[in-house]
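Analysis of the macromolecular model
Listed here are the chains, written in short residue letters.
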Amino acid sequence: MAVAYENDSPPSEEVDLATILRTFHEDHISGNLVSTICIRRSKLLESAIKAISRVTFCWTHSSHIEFVGEHADDMGGPQREFFRLLMIEVQTSLGIFEGKTAQVFLSYDQTALDQQKYLKGGNLIAWSIAHGGPCIKALDPCLFQLMCGQEPTLEQFDWHVLPDPDVQSKVKRIEQCKTNEDLIALQRDLGDWISECGIPGIFSAKVEDMPKIYAYVVKHYIYLRTAKMIHQFTEGMNAYGKLWDLVKKNWIAFLPLFTNMQEPLSKAAFKAILTYNYSDRGTNNRQTEEDTIYSWEMVLNMIEDKMVEIRFEDLLVFITGADEVPVLGFRDNICVDFYDQAEGMRRLPYASTCMLCLYLPRGVTEENDLQQMLSQAIGDSLGFGKV
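Residues numbered from 1 in each chain as written. Predicted model: local features only at pLDDT ≥ 70, side-chain atom pairs only at ≥ 80, totals over all residues. Heavy atoms only, no water.

**Comments concerning the pairing of strand E4 (residues 103-106)**
Residue alternation in E4 divides its side chains into two sets, Gln103 and Phe105 and Val104 and Leu106, and both sets are buried. Across four bridges, strand E3 (residues 97-100) lies against E4 in antiparallel orientation. Bridged to Gly99 within E4 is Val104. Counted between consecutive antiparallel strands, the loop separating E3 from E4 contains two residues. (Buried < 20%, exposed > 50% of the residue type's maximum accessible area, 1.4 Å probe, protein only. Helix = DSSP H or I, 4+ residues; strand = E, 2+ residues; numbered from the N terminus. Pairing = 2+ DSSP bridges.)

Have a look at this one:
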């Protein structure tokens, strides 16, 4: 979704998000101090909240993630997978957000407020960002700007994205108020409700005032109404290195982390992080490896052309545990290595998320065969004990 700037012009200042996060990481994260975090995959959100609630928890320590029942040394892979899954859980299961998957608002829930859920949500998001993990990438852009002290142009706000159908209907009536007859009917039917939104002037308003009244109602519903929830959420983020203050100061740079602005991963971007571990030229292994890589290139073309259900993000998750390239990048490029199939056996491609390595079988001359093997491998993979 396009971001609405006041006066229809974006701020001129541009800040490098990677530089901001790298500096934050250097200032706060202790690479030589490690905390082991035990996570039950089936209760991932609950496990994470218990972990950060311990009196001995220190968010500045590097996190060593251990998934119960899965054998893997955390050299980066389990942590990447954990934070990716955690951000999904925070958005969908914590109960502090509502709305469409990629365009959410903070919910108005006083029970959740009393239970400090908004605080915990802010804690968890800050924890992920501080350690190079993702954010929720789902806040409505106008809400994010308001939270950062900006004044977006709400006269063009799309009422369809509001989560409450009844509020949608009322806001639609305001937007479509174009004549004196419309205004008289609106004042009669919704005047009291609009007044309760903080606009008592509705009863003396004129038709030309309706775009501004529409903007006021939207601001009330998505921001002012949930001010306490927003405050608790931002306090949760600020508990970890004043991270929300940093976000607020550099809100333009942080837009891709908090809102759904990111484009799907392209073939070119995916290939840019690959290196190939070929055998020496002239050897039989090199020949069969090149056969496989030609098929691999054809599979990548299939993905780019949307001829198969696999996405480049699916490949990235399978290989790294992350569904996007981190802002600070991976520590190394992804290595593509090779193995021989044992006679009479069909071993699927596999990956080491810790080593950032994908292993492909030598000698695959048909791209459809490789595509089917990759699809099965990705579909069968769940957890670090099943590669």
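**Concerning the confidence of the model for the protein chain**
Scored by pLDDT, the protein chain has a mean of 92; 94% of the residues are at 70 or more. In this model residues 4-13 is a low-confidence stretch, pLDDT under 50, and it forms 15 contacts with partners more than four residues away in sequence or in other chains. In this model residues 383-387 is a low-confidence stretch, pLDDT under 50, and it forms 15 contacts with partners more than four residues away in sequence or in other chains. (pLDDT = per-residue confidence, 0-100. Contact = heavy atoms within 4.5 Å.)

**Focus: the sheet that holds strand E6 (residues 334-339)**
Reading across the sheet, the four strands line up as E5-E6-E8-E7 and stay open at both edges, with mixed pairing between neighbours. Only two strands of the sheet have a single neighbouring strand rather than two, namely strand E5 (274-276) and strand E7 (350-352). Strand-to-strand, the axes of this sheet are offset by a mean angle of 30°, without reference to chain direction. When E6 meets strand E8 (residues 357-361), the two strands line up parallel, connected through five bridges. (Axes fitted to C-alpha atoms, helices over the stretch in contact; angles between N-to-C directions.)

**Describing the environment of Lys267**
Mapped onto the secondary structure, Lys267 falls in helix H13 (residues 267-271). Assessed through its relative accessible area of 14%, Lys267 is described here as buried. It is 40 Å that separates the C-alpha atoms of Lys267 and Gln232, two residues lying 35 residues apart in sequence. Apart from residues no more than four positions distant in its own chain, Lys267 is found in contact with Glu297, Leu300, Asn301, Glu304 and Phe312. A polar contact is formed between the side chain of Lys267 and the side chain of Asn301, at a distance of 2.3 Å. (Polar contact = N/O pair within 3.5 Å; in protein donor to acceptor, adjacent residues only side chain to side chain.)

**Here's the deal with the packing of aromatic side chains**
What the rule picks out here adds up to 19 aromatic pairs. On the basis of an interplanar angle of 35° and a centroid distance of 5.6 Å, the ring pair of Phe270 and Phe312 is categorised as tilted. A residue pair is termed long-range when its members are at least 10 positions apart, and Phe270 in helix H13 and Phe312 in helix H15 (residues 312-320) qualify at 42 residues. Judged by relative accessible area, which is 4%, Phe312 ranks as buried. The structure contains a cluster of three or more aromatic residues connected by ring pairs, namely Phe24, Phe57, Trp59, Phe82, Phe83, Trp127 and Tyr240. The cationic tip of Arg41 hangs over the ring face of Phe67; the distance from NZ or CZ to the ring centre is 4.2 Å. Across from the ring centre of Tyr339, 5.3 Å away, lies the NZ or CZ of Arg347, which sits over that ring. (Phe/Tyr/Trp six-rings, centres within 6.5 Å; stacked < 30°, edge-to-face > 60°. Lys NZ or Arg CZ within 6 Å of the ring centre and 35° of its normal.)

**Notes on unusual backbone geometry**
Residue Lys242 is not a glycine yet carries a positive backbone phi of 55°. Within the element layout of this structure, Lys242 appears in the loop between helix H10 (227-238) and helix H11 (243-249). Residue Lys242 is classed as exposed on the basis of its relative accessible area of 53%. Unlike most non-glycine residues, Leu356 shows phi in positive territory, near 55°. Within the secondary structure, Leu356 sits in the loop between E7 and E8.

**Details of the side chain of Thr226**
With respect to the element layout, Thr226 can be found in the loop between helix H9 (210-222) and H10. Look at Thr226 and you get buried, because its relative accessible area is 0%. Beyond its immediate sequence surroundings of up to four residues, Thr226 is in contact with Leu106, Ser107 and Tyr108.

**Quick notes on helix H8 (residues 180-196)**
Taken as a whole, H8 carries its principal kink of about 75° at Leu190. Every buried residue of H8 is listed here: Leu183, Ala185, Leu186, Gln187, Leu190, Gly191, Trp193 and Ile194. Looking one or two residues beyond H8, the residue adopting positive phi is Gly198, at roughly 95°. (Bend = angle between axes of the 7 residues up to and from the residue.)

**What to know about the nonpolar core**
If you look at the biggest cluster of nonpolar residues, it comprises 87 residues, and the most contacted ones within it are Leu86, Trp127 and Phe258. The element that contributes the greatest number of residues to this core is H9, accounting for eight residues. Core analysis: the second largest hydrophobic core is formed by 33 residues, Val308, Phe312, Leu315 and Met373 among them. (Core = buried A, V, L, I, M, F, W, Y, C linked by side-chain atoms within 4.5 Å.)

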